[in-house]
Each structure stands twice: as C-alpha cells, then as structure tokens.
Amino acid sequence: MGRREDIVELLLDSGFQRVGELSRRFDVDSSTIRRDLEKLEADGLVQRSRGGASAVRGGDDVPVRGTDDSHRAEKDAIGAAMAERILEGQTILLDGGTTTLAVARHLRHTRLTVVTHDLCIGLEVARKPRINLVFIGGELLPTGYAMWGPTSIQQLEHMRVNVAVFGAGTVMDDGIYASSSYEIELKRKMLSIASEAFFVADSSKFGREALFRVFDFDRFTAGITDATLDPMRAAQFPIPLIRAGLRGQAD
C-alpha cells in the first residue's frame, strides 16, 4: 500500500489529523504531506481544513475507502471467522469500523441481538430482519460514522452483552492503540459491559505507531487477523491470535 492510501486509512480510522502529525507519522516533510493531501482532496477522498485533513464520507451506507482494495479480502475473511464464533441467542456489541462491519455482513444468525454505535453497521444489521438491533445514540464523530459522547456512555451503563468485538487502529506488543483520544472512554465502557471480548484487525495494523493506548490484552479472549501476519510474531502475543485464511488458503 502506498503512503497516500495509508493516509486515507489513518484518517478513516482516527479522524482529523494535522499536517505535522502526518509528517511525523510517515517520516516525510510537511510539504510532501501537503502535496499528498492536495492530490487526495482532488480525488474526493479527503477534506483539508484547519492545518490538517479528515476523510470524506461517501454517499452510500459504507465508508469511502479510496482506491485501495488491498485489505478488503483480508477483512472479509476476518469478518467471517469472527461471525463463526458468535452463538445463536447471544447479545453482541460491535465497535465501529470497516473490519467490524465485515463481521456484521457475515452474521447469518436467526436469534441474535446486535448493539452498535456505528451507523454503517446499524444499517447493515437493519437489513437482517431476524436480528434485533439496539443502536447507541449520541453525537456523530467529526469524521467517520460512529456516535460518541456522554449520551452514549449513559446508554451503555444500562446494558450487558455476551460478546464485544472491537476494531483496532494499531496493535502493538502491549495493547491496542489509537491515534485519537475521541472514543477511548466510550470503548472502555463497552469493554466493561461485556462478558467476553475479541478484537479484529488486518495484518497491516500490527506494529504501527500510535499515541493513545486504549486497551491492554488481559480482558480479551483472542484477536482475529489475516493469515499474512507472521505466525512467529502471532505466537508472541499474550492472547491467542487467530489467523483467518483467504479463500483457497489454510487458516
């Protein structure tokens, strides 16, 4: 994946980023980042403002992913692997993001309740008449499709779920990180109401640098990634990492 595609991925995952932050993240000078953002804005993928940029939302019910499809198959495999681990009759919470959206797409259950704060996931689940949807309200994040804020947290205080499934901006050796602090409190509240938790992240998310640690691994049953992740590296994590194979590959 090229730097510009990586920038779009980061903005979709983390929201608004300043030019200086992007420059440090990608180890290039600010003028290079500005040229990247100019090109991405011309392509309709980002919107520049206040010395930085944010991702542009699409007109569909799914996020704009730019021209990069390099991880779509991996996310689909991860989504299928996670959906297989959800049992009939459970109440599950799906965190926001494109990988958790892939989980929602693979839900074929006839007795299930899905709780989410992500508009795209909510729309996906709403198409499945046999699955009950509970939507967490609040304020829409500055970019992306997730709700957040005190209203969201208050609503969660009255819930309990069997399984929570979280996306990950960055997976490092000591936990799950994010480049923005917007949702940290909300995500930790989500984890607190779950009896069991998983995270889903394609292999490109491993080893990236990010500022804010959201979770340690101790509350997670397992993580699910794709088979591209080095199995030796996967074995070093303190929880099991399930490597979902693509079609025609072994797990």
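In what follows, the structure referred to is the one given above.
Structural notes, computed from the coordinates. Small disclaimer: the values here were computed from a predicted structure and weren't measured.

The rules we used
- Residues numbered from 1 in each chain as written.
- Predicted model: local features only at pLDDT ≥ 70, side-chain atom pairs only at ≥ 80, totals over all residues.
- Heavy atoms only, no water.
- Axes fitted to C-alpha atoms, helices over the stretch in contact; angles between N-to-C directions.
- Helix = DSSP H or I, 4+ residues; strand = E, 2+ residues; numbered from the N terminus.
- Parallel < 35°, antiparallel > 145°, perpendicular 65-115°, else oblique.
- Left-handed = near helix turned anticlockwise from the far one by under 90°.
- Contact = heavy atoms within 4.5 Å.
- Nonpolar A, V, L, I, M, F, W, Y, C, P; charged D, E, K, R; others polar.
- Pairing = 2+ DSSP bridges.
- Polar contact = N/O pair within 3.5 Å; in protein donor to acceptor, adjacent residues only side chain to side chain.
- Core = buried A, V, L, I, M, F, W, Y, C linked by side-chain atoms within 4.5 Å.
- Buried < 20%, exposed > 50% of the residue type's maximum accessible area, 1.4 Å probe, protein only.
- Salt bridge = Lys/Arg side-chain N within 4 Å of Asp/Glu carboxyl O.

1. Considerations on the packing of helix H4 (residues 72–83) against helix H5 (residues 98–105)
Where H4 contacts H5, the axes come no closer than 7 Å and their chain directions differ by 55°. It follows from the interaxial angle that H4 and H5 lie oblique. Relative to H5, the crossing made by H4 is right-handed. Across the interface between the two elements, Lys75, Asp76, Ile78, Gly79, Met82 and Ala83 of H4 pack against Thr98, Thr99, Ala102 and Val103 of H5. Class assignment of the residues belonging to the contact of H4 with H5 gives a composition of five nonpolar, three polar and two charged.

2. Quick word on the sheet that holds strand E11 (residues 175–178)
Strand order in the open sheet formed by three strands is E10-E11-E13, and the pairing between neighbours is antiparallel. Across the chains shown, the open sheet's two edge strands, defined by having one partner strand only, are strand E10 (170–172) and strand E13 (212–215). Each neighbouring strand pair of the sheet contributes to a mean axis angle of 45°, computed without reference to strand direction. Pairing of E11 with E13 involves three bridges; the strand directions are antiparallel. Among the inter-strand pairings, alanine 178 is bridged to a residue of E13, identified as phenylalanine 212.

3. Looking at the environment of serine 31
Note on placement: serine 31 falls in helix H3 (residues 30–42). C-alpha of serine 31 to C-alpha of valine 19: the two residues are 12 residues apart in sequence and 8.9 Å apart in space. Among the polar contacts made by the side chain of serine 31, one reaches the side chain of aspartate 29 at a distance of 2.7 Å.

4. Quick word on the nonpolar core
Core analysis: the biggest nonpolar cluster contains 31 residues, and Leu93, Phe166, Val171, Phe199, Phe206 and Phe220 have the highest contact counts within it. Elements supplying a minimum of two residues to this core: helix H7 (150–156), strand E9 (161–166), E11, helix H8 (184–192), strand E12 (194–200) and E13. In terms of residue count, H8 provides more of this core than any other element does, four residues in total. Residue contacts for phenylalanine 199: discarding those within four places in its chain leaves Phe166, Val171, Ile176, Phe206, Phe217, Phe220, Ala222, Gly223, Ile224, Ile239 and Leu241. Ranked by size, the runner-up nonpolar core spans 26 residues in total, among them Ala83, Ala104, Val163 and Val165.

5. Overview of the pattern of salt bridges
Where charged atoms from two side chains of opposite charge approach closely, those side chains can pair. Evaluated as defined, the whole model comprises nine salt bridges. We note a salt bridge from glutamate 38 to arginine 48, for which the minimum N-O separation is 3.9 Å. Linking glutamate 38 in helix H3 with arginine 48 in strand E2 (residues 46–49), this pair joins segments that are 10 residues apart in sequence. Exposure remark for glutamate 38: the relative accessible area of 42% places this residue in the partly exposed category. Relative accessible area serves as the criterion here: at 36%, arginine 48 is assigned to the partly exposed category. Between aspartate 216 and arginine 213 there is a salt bridge whose closest N-O contact spans 3.4 Å.

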